[in-house]
Amino acid sequence: MEEEADTAVSSRTERKALEKAKILQRESERKLFRLVGRVLKKPEAERSEEEAAVLLLHRETVEEQCKRQVRRNVLKRKQEEVYDDADKMKSKVKQLAVAVEQAKHLVVYTGAGISTAASIPDYRGPNGVWTQLQKGRTISSSDLSKAEPTLTHMCIRMLHKETLVKHVVSQNCDGLHVRSGLPRHALSELHGNMFIEVCTSCSPVREYVRLFDVTERTSLHRHGTGRRCSHCSGELRDTIVHFGERGTLEQPLNWRGAADAAEMADVILCLGSSLKVLKKYACLWCMNKPASKRPKLYIVNLQWTPKDDLAVLKIHGKCDDVMSLLMEELNVQIPGYDRAEDPVFSLATSLLQEEVQSHTREVIAPLDGQEVCLPGSGEQAEEATAVQGGWFGRGYGKGRKKKKKAA
């Protein structure tokens, strides 16, 4: 027994010594890495003999430092915003107009870049949500209730009305496509809609459209809104698909509509999306088809996207500027957003009297003389302040933590 105890103690001691040695080795490697990094930052003429000797002695570390610097430079270039000059943009838009007119089944993929004109920050731009969080900064408040459909939203709606666009696949949760008047059957909101809460206890799933952001209490893997279904009393949940989640709701995600549209598409126009998330959805790109039979891809974005090399045409410009020129080329009038005709007011379900105080988010106010759908909305609006949506930037930090732990 004593021998077994001694063996166990010896084994533990060896393990601890081994772990300590590994820790010391890693710390030594980090110090060396930092030292080499500092030396490499100096111009060669300013390096001392000792520093030059360090570089010669640790060539592998120097090579790794150089590789990392190349990767950093590439990443920096990909994050830079590039603008086509006026003549180049006009020429490119003419090419796009020809493609739109000749397309038999044009599908539009939209990202956060089409909503920046509505003062909703994008995600991966220089001041985007993910960019700021990566730098350890907090994201500024955005009063999402005051956002209205942009010129691009209205152009897309009109192109659909003119049967030039068959379907729209959106990553945005801001509900602005619906508010522009785009029919819901022609829309797939892959990451949800901040104005919609649903009861999954009902069959089929029962939907409630609201005049306020329903995501106040929700976050990653926590989707309960605090309200109850008026039919079965089941808890209502939001429709948001957070970073790191998989969406399963039929509506408003409408994955079937998106997949069917992609299958029939001969042209795909990507507006304001980095495509870093969309590229992962294989069914949207028809990659199972031979290259010659895939839809022709057109991209409008200021930054690099992972699909640039596959695109027939890449336009570096703001979505509103490009769409304005495109509509001019197509000789299609751009309709203005009319709040009196905003579909959200006719789609919205009134809150029950006991639910009036169930949120503090500002209610979308109709025009003077237009009926208010929600009781007590006036008092709510007075108390409301600039807020972030419950979906806005949520889940990103947790997703990164899980990634780091896994690594």
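For the structure, check the block above.
Here goes a summary of the coordinates provided. In this numbering scheme, every chain counts its residues from 1 along its sequence in written order. Selection of residues for local features in this predicted model requires a pLDDT of at least 70, selection of side-chain atom pairs for listing and counting requires 80 or more, and totals for whole chains, interfaces and linings are taken over all residues. Excluding hydrogens and water, the side-chain values take into account all heavy atoms of the structure.

1. With respect to the overall build of the chain
Phase 1 of the analysis: Numbering goes from the N terminus for both helices and strands, where a helix is a DSSP run of H or I of at least four residues and a strand is a run of E of at least two. Check the secondary structure of the chain and you find 12 helices and 10 strands.
Phase 2 of the analysis: Across the 407 residues that make up the chain, the buried fraction comes to 46%.
Phase 3 of the analysis: Throughout, a contact is declared for two residues whenever any of their heavy atoms are within 4.5 Å. Partitioning the intrachain contacts of the chain with sequence separation of at least 6 by distance along the chain shows that 66% fall at a separation of at least 24.
Phase 4 of the analysis: Surface exposure of the chain reaches about 22,800 Å², of which carbon and sulfur atoms provide 49%. Only protein chains enter the calculation, and the probe is 1.4 Å; a residue is then buried if its accessible area is under 20% of its type maximum, exposed if over 50%, and partly exposed in between. Computed by Shrake-Rupley with a 1.4 Å probe, the accessible areas treat only the displayed protein chains as cover when residues are assessed.

2. Things to note about the packing of helix H6 (residues 151–161) against helix H9 (residues 319–330)
Phase 1 of the analysis: Convention adopted: a line fitted to C-alpha atoms gives each axis, helices being fitted over their contacting stretch, and angles between N-to-C directions are expressed from 0 to 180 degrees. At a minimum axis separation of 9 Å, H6 and H9 run at an interaxial angle of 35°. Read as a crossing pair, H6 and H9 show a hand that is left-handed. Contact with H6, carried on its side by Leu151, Thr152, Cys155, Met158 and Leu159, involves Cys319, Asp320, Met323, Ser324, Met327 and Leu330 of H9 and no other residues of that element.
Phase 2 of the analysis: The nonpolar class holds Ala, Val, Leu, Ile, Met, Phe, Trp, Tyr, Cys and Pro. Asp, Glu, Lys and Arg form the charged class, and all remaining residues, Gly among them, are polar. Considering only residue class, the contact of H6 with H9 consists of eight nonpolar, two polar and one charged. Each crossing gets its handedness from the near helix: less than a right angle anticlockwise from the far helix is left-handed, clockwise is right-handed.

3. Observations regarding the sheet that holds strand E9 (residues 296–300)
Phase 1 of the analysis: Between any two strands, at least two bridges found by DSSP are needed for them to pair. Judged by pairing direction, the sheet is parallel, and its six strands sit side by side in the order E3-E2-E1-E8-E9-E10 without closing on themselves. Two strands in the sheet have a free side with no partner beyond their single neighbour: strand E3 (187–189) and strand E10 (313–315). When strand polarity is set aside, the average angle formed by the axes of neighbouring strands in this sheet is 15°.
Phase 2 of the analysis: Both E9 and E10 contribute to a ladder of three bridges, which runs parallel. Counted as the bridge partner of tyrosine 298 is leucine 313 from E10.

4. Things to note about helix H3 (residues 59–79)
Phase 1 of the analysis: If you check H3, its first and last C-alpha atoms are 30 Å apart, about what 21 residues at 1.5 Å a residue would give, namely 30 Å.
Phase 2 of the analysis: Listed as buried for H3 are Thr61, Val62 and Gln65. Looking straight down H3, one finds its buried side chains confined to an arc of 100°; they lie on one side. Of the exposed residues in H3, those oriented more than 90 degrees away from the buried face are Arg59, Glu60 and Arg77. The span expected for a helix works out to 1.5 Å for each residue beyond the first. By construction, the arc corresponds to the directions joining the helix axis to the C-beta atoms.

5. Some remarks on the sheet that holds strand E6 (residues 224–228)
Phase 1 of the analysis: Pairing is antiparallel across the open sheet formed by four strands, whose spatial order is E5-E4-E7-E6. A single partner strand is all that each edge strand has here, and the edge strands are strand E5 (206–209) and E6. Each neighbouring strand pair of the sheet contributes to a mean axis angle of 35°, computed without reference to strand direction.
Phase 2 of the analysis: As paired elements, strand E4 (residues 196–199) and strand E7 (residues 235–238) share two bridges and run antiparallel to each other. In the strand pairing of E7, valine 198 is matched with arginine 237.

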